[in-house]
Amino acid sequence: MSRPGLDVARVRTDFPILHQEVRGRPLVYLDSAASAQKPRAVIDAISHFYTHDNANVHRGVHTLSERATAAFESARERVARFLHAKDDKEIVFVRGTTEAINLVAQSFGRKNVGPGDEVLITELEHHANIVPWQMLCEQQGARLRYIPVDKKGDLALDRLDELLTPRTRLLAVTHVSNALGTVVPVKELIRRARARGIPVLVDGAQAVTHFPVDVVELDCDFYAFSGHKLFGPMGIGVLYGKKERLEAMPPYQGGGDMILSVTKEKTVYNRVPYRFEAGTPDVAGAVGLAAAIDYLERVGMEAIAAHDRELLAYAEEAVGQVPGVRLLGQARERSGVVSFVMEDIHPHDIGTVLDREGVAVRTGHHCAQPLMQCFGVAATVRASLALYNTREDVDALVRGLHKVREVFA
Ligand code: PLP
(Lines give C-alpha, C1' and ligand atoms only; values in the text may rest on other atoms or scores of the structure.)
Protein backbone atom coordinates (compact mmCIF):
# COMPACT_ATOMS: atom_id res chain seq x y z
CA MET A 1 0.00 0.00 0.00
CA SER A 2 2.68 2.53 0.92
CA ARG A 3 5.53 3.50 -1.40
CA PRO A 4 9.09 4.41 -0.60
CA GLY A 5 9.14 8.09 0.18
CA LEU A 6 5.53 8.40 1.23
CA ASP A 7 4.07 6.28 4.00
CA VAL A 8 0.43 6.53 2.97
CA ALA A 9 -0.80 4.37 5.86
CA ARG A 10 0.84 6.82 8.24
CA VAL A 11 -0.49 9.83 6.31
CA ARG A 12 -4.00 8.42 6.56
CA THR A 13 -3.82 8.40 10.35
CA ASP A 14 -3.38 12.20 10.18
CA PHE A 15 -6.81 12.67 8.55
CA PRO A 16 -9.55 11.85 11.07
CA ILE A 17 -12.42 12.23 8.63
CA LEU A 18 -11.20 9.33 6.49
CA HIS A 19 -11.87 6.82 9.26
CA GLN A 20 -15.61 6.51 8.99
CA GLU A 21 -18.22 4.46 7.24
CA VAL A 22 -20.55 5.89 4.63
CA ARG A 23 -23.69 3.86 3.95
CA GLY A 24 -22.19 0.98 5.87
CA ARG A 25 -18.97 0.93 3.82
CA PRO A 26 -15.54 2.36 4.63
CA LEU A 27 -15.33 5.83 3.12
CA VAL A 28 -13.27 6.03 -0.07
CA TYR A 29 -12.74 9.74 -0.71
CA LEU A 30 -11.92 10.46 -4.35
CA ASP A 31 -13.12 14.05 -4.54
CA SER A 32 -10.10 16.01 -3.32
CA ALA A 33 -9.99 18.16 -6.47
CA ALA A 34 -13.30 19.67 -5.34
CA SER A 35 -12.19 20.02 -1.73
CA ALA A 36 -9.46 18.13 0.08
CA GLN A 37 -9.68 16.71 3.60
CA LYS A 38 -7.83 18.34 6.49
CA PRO A 39 -5.09 16.79 8.60
CA ARG A 40 -5.38 16.96 12.38
CA ALA A 41 -2.57 19.56 12.37
CA VAL A 42 -4.82 22.01 10.48
CA ILE A 43 -7.86 21.36 12.65
CA ASP A 44 -5.73 21.82 15.78
CA ALA A 45 -4.13 25.04 14.51
CA ILE A 46 -7.56 26.60 13.89
CA SER A 47 -8.84 25.40 17.23
CA HIS A 48 -5.71 26.74 18.97
CA PHE A 49 -6.15 30.13 17.33
CA TYR A 50 -9.74 30.46 18.50
CA THR A 51 -8.94 29.05 21.93
CA HIS A 52 -5.94 31.28 22.66
CA ASP A 53 -5.24 34.09 20.19
CA ASN A 54 -8.47 35.24 18.57
CA ALA A 55 -8.79 39.02 18.05
CA ASN A 56 -8.95 41.37 15.10
CA VAL A 57 -5.65 42.08 13.37
CA HIS A 58 -3.58 45.18 12.57
CA ARG A 59 -5.71 47.59 14.56
CA GLY A 60 -5.29 46.62 18.18
CA VAL A 61 -2.53 47.42 20.66
CA HIS A 62 -3.61 44.73 23.10
CA THR A 63 -1.81 41.43 23.41
CA LEU A 64 -4.34 39.20 21.67
CA SER A 65 -4.54 41.53 18.69
CA GLU A 66 -0.78 41.58 18.48
CA ARG A 67 -0.69 37.79 18.62
CA ALA A 68 -3.39 37.45 15.98
CA THR A 69 -1.54 39.95 13.75
CA ALA A 70 1.72 38.05 14.21
CA ALA A 71 0.01 34.76 13.34
CA PHE A 72 -1.62 36.28 10.24
CA GLU A 73 1.60 37.87 8.99
CA SER A 74 3.61 34.77 9.69
CA ALA A 75 1.09 32.80 7.61
CA ARG A 76 1.79 35.26 4.79
CA GLU A 77 5.53 34.54 5.11
CA ARG A 78 4.79 30.81 5.12
CA VAL A 79 2.82 31.07 1.88
CA ALA A 80 5.55 33.20 0.29
CA ARG A 81 8.15 30.54 1.09
CA PHE A 82 5.86 27.79 -0.21
CA LEU A 83 5.57 29.55 -3.59
CA HIS A 84 9.21 30.67 -3.48
CA ALA A 85 8.10 34.29 -3.82
CA LYS A 86 10.79 36.91 -3.25
CA ASP A 87 8.77 38.99 -0.83
CA ASP A 88 5.89 38.17 1.51
CA LYS A 89 4.28 41.47 0.46
CA GLU A 90 3.56 39.75 -2.85
CA ILE A 91 1.02 37.51 -1.09
CA VAL A 92 -2.57 38.79 -0.93
CA PHE A 93 -5.01 36.80 1.19
CA VAL A 94 -8.36 36.33 -0.52
CA ARG A 95 -11.27 33.87 -0.19
CA GLY A 96 -9.98 31.51 -2.85
CA THR A 97 -8.92 31.15 -6.46
CA THR A 98 -12.19 32.63 -7.68
CA GLU A 99 -11.76 35.80 -5.68
CA ALA A 100 -8.09 36.07 -6.67
CA ILE A 101 -8.96 35.99 -10.37
CA ASN A 102 -11.84 38.44 -9.93
CA LEU A 103 -9.45 40.77 -8.12
CA VAL A 104 -7.01 40.75 -11.03
CA ALA A 105 -9.82 41.13 -13.59
CA GLN A 106 -11.39 44.10 -11.83
CA SER A 107 -8.21 45.82 -10.68
CA PHE A 108 -5.48 45.09 -13.24
CA GLY A 109 -8.07 44.44 -15.95
CA ARG A 110 -10.12 47.62 -15.65
CA LYS A 111 -6.93 49.66 -15.63
CA ASN A 112 -5.18 47.95 -18.52
CA VAL A 113 -7.83 46.47 -20.80
CA GLY A 114 -9.67 48.89 -23.06
CA PRO A 115 -12.00 48.82 -26.06
CA GLY A 116 -10.70 46.55 -28.81
CA ASP A 117 -8.10 44.93 -26.52
CA GLU A 118 -7.91 41.19 -26.03
CA VAL A 119 -7.65 38.82 -23.07
CA LEU A 120 -6.39 35.36 -23.95
CA ILE A 121 -7.46 32.29 -21.98
CA THR A 122 -7.79 28.60 -22.95
CA GLU A 123 -10.54 26.09 -23.56
CA LEU A 124 -9.30 24.12 -20.54
CA GLU A 125 -10.35 26.69 -17.96
CA HIS A 126 -12.57 26.35 -14.91
CA HIS A 127 -15.44 28.87 -14.94
CA ALA A 128 -13.47 30.83 -12.32
CA ASN A 129 -10.95 31.64 -15.03
CA ILE A 130 -13.55 32.34 -17.73
CA VAL A 131 -16.45 34.31 -16.25
CA PRO A 132 -14.41 37.14 -14.63
CA TRP A 133 -12.79 37.75 -18.04
CA GLN A 134 -16.13 37.65 -19.83
CA MET A 135 -17.42 40.23 -17.35
CA LEU A 136 -14.34 42.40 -17.82
CA CYS A 137 -14.49 42.20 -21.61
CA GLU A 138 -18.15 43.15 -21.55
CA GLN A 139 -17.45 46.10 -19.26
CA GLN A 140 -14.50 47.32 -21.29
CA GLY A 141 -15.58 46.47 -24.85
CA ALA A 142 -12.71 44.01 -25.13
CA ARG A 143 -12.55 40.60 -26.77
CA LEU A 144 -12.02 37.25 -25.01
CA ARG A 145 -10.05 34.73 -27.06
CA TYR A 146 -9.28 31.07 -26.40
CA ILE A 147 -6.30 28.84 -27.05
CA PRO A 148 -7.97 25.68 -28.37
CA VAL A 149 -7.59 22.27 -26.80
CA ASP A 150 -6.95 19.20 -28.99
CA LYS A 151 -8.69 15.82 -28.79
CA LYS A 152 -6.19 14.52 -26.27
CA GLY A 153 -6.67 17.46 -23.91
CA ASP A 154 -3.44 19.31 -24.74
CA LEU A 155 -3.44 22.97 -25.70
CA ALA A 156 -2.83 23.66 -29.38
CA LEU A 157 0.36 25.60 -28.74
CA ASP A 158 1.04 25.93 -32.47
CA ARG A 159 -1.76 28.53 -32.37
CA LEU A 160 -0.19 30.54 -29.56
CA ASP A 161 1.91 32.99 -31.60
CA GLU A 162 -1.04 33.91 -33.77
CA LEU A 163 -3.30 34.37 -30.70
CA LEU A 164 -0.81 36.57 -28.84
CA THR A 165 -1.47 39.78 -30.74
CA PRO A 166 -0.43 43.40 -30.18
CA ARG A 167 -3.90 43.84 -28.59
CA THR A 168 -3.43 41.05 -26.00
CA ARG A 169 -3.31 42.61 -22.54
CA LEU A 170 -3.19 39.44 -20.45
CA LEU A 171 -2.86 35.67 -20.78
CA ALA A 172 -4.75 33.74 -18.06
CA VAL A 173 -4.18 30.00 -18.00
CA THR A 174 -4.68 27.06 -15.70
CA HIS A 175 -1.62 25.15 -14.48
CA VAL A 176 -3.56 21.87 -14.23
CA SER A 177 -7.02 21.26 -15.68
CA ASN A 178 -9.52 20.30 -12.97
CA ALA A 179 -11.65 18.35 -15.45
CA LEU A 180 -9.02 16.41 -17.44
CA GLY A 181 -5.86 16.67 -15.35
CA THR A 182 -3.86 18.15 -18.23
CA VAL A 183 -0.65 19.70 -16.91
CA VAL A 184 -0.16 22.82 -19.02
CA PRO A 185 3.44 23.71 -19.89
CA VAL A 186 2.92 27.10 -18.28
CA LYS A 187 6.61 27.92 -18.21
CA GLU A 188 6.75 27.83 -21.99
CA LEU A 189 3.54 29.86 -22.34
CA ILE A 190 4.83 32.46 -19.89
CA ARG A 191 8.15 32.70 -21.77
CA ARG A 192 6.39 33.22 -25.08
CA ALA A 193 3.90 35.75 -23.69
CA ARG A 194 6.51 37.70 -21.77
CA ALA A 195 8.72 37.89 -24.87
CA ARG A 196 5.94 40.11 -26.21
CA GLY A 197 5.52 42.02 -22.95
CA ILE A 198 2.22 40.30 -22.11
CA PRO A 199 1.59 39.55 -18.40
CA VAL A 200 0.42 36.09 -17.37
CA LEU A 201 -1.92 34.88 -14.62
CA VAL A 202 -1.74 31.21 -13.67
CA ASP A 203 -4.67 29.45 -11.99
CA GLY A 204 -2.82 27.06 -9.70
CA ALA A 205 -5.85 25.62 -7.84
CA GLN A 206 -5.12 22.06 -8.99
CA ALA A 207 -1.34 22.34 -9.21
CA VAL A 208 -0.08 23.35 -5.76
CA THR A 209 -1.67 20.24 -4.26
CA HIS A 210 0.32 17.86 -6.44
CA PHE A 211 3.81 19.26 -7.04
CA PRO A 212 6.15 22.04 -5.92
CA VAL A 213 5.57 25.43 -7.54
CA ASP A 214 8.16 28.20 -7.85
CA VAL A 215 6.66 31.48 -9.03
CA VAL A 216 10.07 33.08 -9.61
CA GLU A 217 11.21 30.21 -11.80
CA LEU A 218 7.90 30.30 -13.68
CA ASP A 219 8.20 34.09 -13.97
CA CYS A 220 4.41 34.50 -13.89
CA ASP A 221 2.89 37.86 -12.94
CA PHE A 222 0.04 36.37 -10.91
CA TYR A 223 -0.57 32.94 -9.36
CA ALA A 224 -3.82 31.97 -7.61
CA PHE A 225 -4.83 29.04 -5.41
CA SER A 226 -7.39 28.01 -2.77
CA GLY A 227 -6.63 26.87 0.77
CA HIS A 228 -9.37 24.25 0.92
CA LYS A 229 -7.93 22.27 -1.99
CA LEU A 230 -4.49 22.38 -0.35
CA PHE A 231 -5.72 20.47 2.73
CA GLY A 232 -6.34 23.80 4.48
CA PRO A 233 -9.57 25.52 5.50
CA MET A 234 -12.36 26.81 3.29
CA GLY A 235 -12.68 30.58 2.92
CA ILE A 236 -8.99 31.39 2.51
CA GLY A 237 -6.96 31.59 -0.67
CA VAL A 238 -3.98 33.33 -2.15
CA LEU A 239 -3.18 35.71 -4.93
CA TYR A 240 0.53 36.00 -5.59
CA GLY A 241 1.42 39.05 -7.65
CA LYS A 242 4.80 40.45 -8.62
CA LYS A 243 5.33 43.44 -6.39
CA GLU A 244 5.68 45.96 -9.21
CA ARG A 245 2.44 44.66 -10.74
CA LEU A 246 0.49 44.88 -7.48
CA GLU A 247 1.89 48.34 -6.76
CA ALA A 248 0.61 49.61 -10.08
CA MET A 249 -2.92 48.28 -9.45
CA PRO A 250 -5.85 50.19 -7.90
CA PRO A 251 -7.79 48.64 -4.99
CA TYR A 252 -10.47 46.08 -5.73
CA GLN A 253 -12.72 46.69 -2.73
CA GLY A 254 -12.88 49.64 -0.33
CA GLY A 255 -13.15 49.51 3.46
CA GLY A 256 -11.12 49.08 6.62
CA ASP A 257 -7.44 48.13 6.57
CA MET A 258 -6.88 49.01 2.91
CA ILE A 259 -6.41 52.70 3.76
CA LEU A 260 -3.69 54.92 5.19
CA SER A 261 -6.05 57.83 5.81
CA VAL A 262 -9.59 58.83 4.99
CA THR A 263 -11.10 62.31 4.92
CA LYS A 264 -14.60 63.19 3.77
CA GLU A 265 -13.15 64.00 0.38
CA LYS A 266 -10.36 61.56 -0.21
CA THR A 267 -8.75 58.27 0.75
CA VAL A 268 -5.05 57.48 0.65
CA TYR A 269 -4.69 53.78 0.00
CA ASN A 270 -2.49 51.48 2.02
CA ARG A 271 0.58 49.81 0.52
CA VAL A 272 0.45 46.32 -0.96
CA PRO A 273 -0.75 43.74 -0.08
CA TYR A 274 -3.05 45.46 2.46
CA ARG A 275 -4.51 47.67 -0.27
CA PHE A 276 -6.23 44.51 -1.55
CA GLU A 277 -7.40 43.19 1.82
CA ALA A 278 -10.36 45.38 2.74
CA GLY A 279 -12.24 44.39 5.87
CA THR A 280 -11.52 41.81 8.54
CA PRO A 281 -9.61 38.95 6.98
CA ASP A 282 -10.01 35.24 7.66
CA VAL A 283 -7.21 35.11 10.22
CA ALA A 284 -7.99 31.59 11.43
CA GLY A 285 -8.11 30.52 7.78
CA ALA A 286 -4.63 31.91 7.15
CA VAL A 287 -3.36 30.17 10.30
CA GLY A 288 -4.92 26.91 9.12
CA LEU A 289 -3.45 27.34 5.65
CA ALA A 290 0.02 27.86 7.10
CA ALA A 291 -0.46 24.68 9.15
CA ALA A 292 -1.48 22.81 5.98
CA ILE A 293 1.65 23.99 4.19
CA ASP A 294 3.81 23.01 7.18
CA TYR A 295 2.17 19.60 7.12
CA LEU A 296 2.70 19.10 3.37
CA GLU A 297 6.31 20.15 3.58
CA ARG A 298 6.88 17.78 6.50
CA VAL A 299 5.50 14.96 4.36
CA GLY A 300 7.52 16.29 1.40
CA MET A 301 6.14 17.80 -1.82
CA GLU A 302 8.49 15.70 -3.96
CA ALA A 303 7.30 12.51 -2.26
CA ILE A 304 3.69 13.62 -2.73
CA ALA A 305 4.34 14.31 -6.42
CA ALA A 306 5.86 10.84 -6.91
CA HIS A 307 2.98 9.15 -5.08
CA ASP A 308 0.38 11.07 -7.09
CA ARG A 309 2.04 10.18 -10.40
CA GLU A 310 2.25 6.50 -9.54
CA LEU A 311 -1.34 6.32 -8.26
CA LEU A 312 -2.71 8.18 -11.26
CA ALA A 313 -1.05 5.71 -13.65
CA TYR A 314 -2.53 2.81 -11.65
CA ALA A 315 -5.99 4.41 -11.61
CA GLU A 316 -6.04 5.20 -15.34
CA GLU A 317 -5.06 1.64 -16.15
CA ALA A 318 -7.58 0.07 -13.75
CA VAL A 319 -10.55 2.32 -14.58
CA GLY A 320 -9.79 2.17 -18.31
CA GLN A 321 -10.17 -1.61 -18.23
CA VAL A 322 -13.75 -1.57 -16.93
CA PRO A 323 -15.95 -2.55 -19.89
CA GLY A 324 -17.88 0.42 -21.30
CA VAL A 325 -15.64 3.05 -19.72
CA ARG A 326 -14.17 5.77 -21.92
CA LEU A 327 -11.43 7.88 -20.36
CA LEU A 328 -11.35 11.54 -21.31
CA GLY A 329 -8.07 13.36 -21.65
CA GLN A 330 -4.86 11.73 -22.79
CA ALA A 331 -2.70 14.82 -22.53
CA ARG A 332 1.09 14.41 -22.63
CA GLU A 333 1.36 15.16 -18.92
CA ARG A 334 -1.50 14.65 -16.47
CA SER A 335 -2.03 15.11 -12.77
CA GLY A 336 -4.55 14.24 -10.11
CA VAL A 337 -7.76 13.24 -11.88
CA VAL A 338 -9.29 10.42 -13.89
CA SER A 339 -12.25 11.70 -15.90
CA PHE A 340 -14.50 9.23 -17.70
CA VAL A 341 -17.92 8.40 -19.08
CA MET A 342 -19.70 5.05 -19.34
CA GLU A 343 -21.78 3.96 -22.29
CA ASP A 344 -25.45 4.93 -21.90
CA ILE A 345 -25.20 5.59 -18.15
CA HIS A 346 -25.53 9.12 -16.88
CA PRO A 347 -22.60 10.28 -14.73
CA HIS A 348 -24.98 11.27 -11.90
CA ASP A 349 -26.35 7.71 -11.82
CA ILE A 350 -22.81 6.38 -11.66
CA GLY A 351 -22.01 8.76 -8.80
CA THR A 352 -25.14 7.71 -6.91
CA VAL A 353 -24.37 4.00 -7.17
CA LEU A 354 -20.76 4.63 -6.16
CA ASP A 355 -21.91 6.59 -3.12
CA ARG A 356 -23.90 3.55 -1.99
CA GLU A 357 -20.60 1.69 -2.08
CA GLY A 358 -18.97 4.37 0.08
CA VAL A 359 -17.03 5.82 -2.86
CA ALA A 360 -17.16 9.63 -3.22
CA VAL A 361 -16.52 10.98 -6.73
CA ARG A 362 -17.63 14.14 -8.51
CA THR A 363 -20.03 14.03 -11.44
CA GLY A 364 -21.12 16.85 -13.72
CA HIS A 365 -19.46 19.47 -15.86
CA HIS A 366 -16.85 20.34 -13.19
CA CYS A 367 -17.40 24.07 -13.80
CA ALA A 368 -15.74 23.64 -17.19
CA GLN A 369 -18.69 23.70 -19.57
CA PRO A 370 -16.77 25.07 -22.59
CA LEU A 371 -14.29 22.19 -22.21
CA MET A 372 -17.12 19.65 -21.96
CA GLN A 373 -18.52 21.11 -25.20
CA CYS A 374 -15.13 20.60 -26.89
CA PHE A 375 -15.31 16.92 -25.93
CA GLY A 376 -18.97 16.59 -26.93
CA VAL A 377 -20.17 15.52 -23.48
CA ALA A 378 -22.39 17.27 -20.95
CA ALA A 379 -20.78 15.69 -17.92
CA THR A 380 -18.19 13.18 -16.76
CA VAL A 381 -17.36 11.20 -13.66
CA ARG A 382 -14.20 12.50 -12.04
CA ALA A 383 -12.17 10.57 -9.48
CA SER A 384 -9.49 12.77 -7.99
CA LEU A 385 -6.50 11.57 -6.03
CA ALA A 386 -4.57 12.95 -3.10
CA LEU A 387 -1.69 11.99 -0.84
CA TYR A 388 -3.99 9.91 1.40
CA ASN A 389 -5.37 7.77 -1.42
CA THR A 390 -4.21 4.22 -2.01
CA ARG A 391 -4.40 1.52 -4.65
CA GLU A 392 -7.09 -0.04 -2.44
CA ASP A 393 -9.18 3.12 -2.93
CA VAL A 394 -8.83 2.74 -6.69
CA ASP A 395 -9.75 -0.95 -6.43
CA ALA A 396 -12.90 0.02 -4.51
CA LEU A 397 -13.78 2.46 -7.28
CA VAL A 398 -13.33 -0.25 -9.90
CA ARG A 399 -15.50 -2.70 -7.91
CA GLY A 400 -18.09 0.08 -7.69
CA LEU A 401 -18.02 0.58 -11.45
CA HIS A 402 -18.66 -3.13 -11.99
CA LYS A 403 -21.63 -2.74 -9.65
CA VAL A 404 -22.84 0.19 -11.76
CA ARG A 405 -22.75 -2.10 -14.79
CA GLU A 406 -24.81 -4.74 -12.96
CA VAL A 407 -27.38 -2.17 -11.81
CA PHE A 408 -27.83 -0.71 -15.30
CA ALA A 409 -27.44 -3.97 -17.28
N1 PLP B 1 -9.69 26.90 -10.81
C2 PLP B 1 -9.62 25.57 -10.84
C3 PLP B 1 -8.70 24.90 -11.81
C4 PLP B 1 -10.40 24.82 -9.97
O5 PLP B 1 -10.35 23.48 -9.99
C6 PLP B 1 -11.28 25.49 -9.07
C7 PLP B 1 -12.17 24.72 -8.18
O8 PLP B 1 -12.58 23.62 -8.48
C9 PLP B 1 -11.29 26.88 -9.07
C10 PLP B 1 -10.49 27.55 -9.96
C11 PLP B 1 -12.16 27.64 -8.13
O12 PLP B 1 -11.72 27.47 -6.83
P13 PLP B 1 -12.53 28.10 -5.59
O14 PLP B 1 -13.96 27.62 -5.74
O15 PLP B 1 -11.85 27.52 -4.40
O16 PLP B 1 -12.41 29.56 -5.68
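Residues numbered from 1 in each chain as written. Predicted model: local features only at pLDDT ≥ 70, side-chain atom pairs only at ≥ 80, totals over all residues. Heavy atoms only, no water.

(A) Geometry of the domain arrangement of the protein. Along its sequence, the protein is carved into domain 1 (8–30 + 300–407) and domain 2 (43–297). Relative to domain 2, the C-alpha centre of domain 1 lies at a distance of 28 Å. Counting residues at the interface gives 36 residues for domain 1 and 31 residues for domain 2. Contact with domain 2 buries area across many residues of domain 1, yet M301, S335 and L371 alone supply 23% of it, more than any other trio. Between domain 1 and domain 2 we count one salt bridge in total. Residue R332 pairs with D154 through a salt bridge whose shortest N-O separation is 3.9 Å. Inspection of the region where domain 1 meets domain 2 yields 15 residue pairs in polar contact (both at pLDDT 80 or more). Those elements giving two or more residues to the side of domain 1 that touches domain 2 turn out to be α11 (301–320), β14 (337–342) and α13 (369–374). When grouped by side-chain class, the residues that make up the side of domain 1 that touches domain 2 number 20 nonpolar, nine polar and seven charged. (Domains from an automatic or database assignment. Contact = heavy atoms within 4.5 Å. Buried area = accessible area lost by both parts, 1.4 Å probe. Salt bridge = Lys/Arg side-chain N within 4 Å of Asp/Glu carboxyl O. Polar contact = N/O pair within 3.5 Å; in protein donor to acceptor, adjacent residues only side chain to side chain. Helix = DSSP H or I, 4+ residues; strand = E, 2+ residues; numbered from the N terminus. Nonpolar A, V, L, I, M, F, W, Y, C, P; charged D, E, K, R; others polar.)

(B) Local environment of the packing of helix α3 (residues 63–83) against helix α10 (residues 283–299). The contact between α3 and α10 brings their axes to 9 Å, and the two run at 40 degrees. Taken together, α3 and α10 sit at an angle that is classed as oblique. By crossing handedness, the relation of α3 to α10 is classed as left-handed. Across the interface between the two elements, A68, A71, F72, A75, R78, V79 and F82 of α3 pack against V283, A286, V287, L289, A290, I293, D294 and E297 of α10. Looking at the contact of α3 with α10 residue by residue, the classes come out as 12 nonpolar, no polar and three charged. (Axes fitted to C-alpha atoms, helices over the stretch in contact; angles between N-to-C directions. Parallel < 35°, antiparallel > 145°, perpendicular 65-115°, else oblique. Left-handed = near helix turned anticlockwise from the far one by under 90°.)

(C) The arrangement of empty space enclosed by the protein in detail. All told, the structure shown has two cavities of 30 Å³ or more when counted by the stated rule. Roughly 60 Å³ of internal volume is contained in the largest cavity. Lining the largest cavity are 13 residues, and of these S32, A33, T209, H210 and L385 sit closest to its centre. For the lining of the largest cavity, the two domains that each supply at least three residues are domain 1 (8–30 + 300–407) and domain 2 (43–297). (1 Å grid on protein atoms, 1.4 Å probe; cavity = no way out; pocket = protein on both sides within 12 Å on 5 of 7 lines; lining within 4 Å. Points joined across faces, edges and corners; volume = space filled by probe spheres on them.)

(D) Expanded view of the nonpolar core. Ranked by internal contacts, the top residues of the largest apolar core, which has 84 residues, are L83, Y223, L387 and Y388. When residues in this core are grouped by element, the largest group, 11 residues, is from α10. Counting contributing residues per domain, this core is built from domain 1 (8–30 + 300–407) and domain 2 (43–297), each supplying no fewer than three. Setting aside residues up to four positions removed in sequence, L387 forms contacts with L6, V8, V11, F15, F231, Y295, L296, V299, I304, H307 and D308. (Core = buried A, V, L, I, M, F, W, Y, C linked by side-chain atoms within 4.5 Å. Buried < 20%, exposed > 50% of the residue type's maximum accessible area, 1.4 Å probe, protein only.)

(E) Quick peek at helix α14 (residues 391–407). When the terminal C-alpha atoms of α14 are compared, their 24 Å separation across 17 residues agrees well with the 24 Å that a helix rising 1.5 Å per residue should span. What α14 keeps buried is the set D393, V394, A396, L397, V398, G400, L401 and V404. (Expected span 1.5 Å × (residues − 1).)

(F) Examining the environment of R76 more closely. For R76, the location among the structural elements is in helix α3. By relative accessible area, R76 is classed as buried at 0%. When the C-alpha positions of R76 and L289 are compared, they lie 9.5 Å apart, and in sequence the two are 213 residues distant. The contacts of R76, once residues within four sequence positions are left out, are D88, I91, V92, F93, P273, Y274 and E277.

(G) Representation of unusual backbone geometry. In the segment running from V272 into P273, the intervening peptide bond is cis, with an omega of 5 degrees. Here P273 lies in the loop between β12 (267–269) and α10. Unusually for a residue other than glycine, R23 sits at a positive phi of about 55 degrees. With respect to the helices and strands, the residue R23 is situated in the loop between β1 (21–22) and β2 (25–26). Residue D219 is not a glycine yet carries a positive backbone phi of 65 degrees. By the secondary structure assignment, D219 is in the loop between α8 (215–218) and β9 (222–226).

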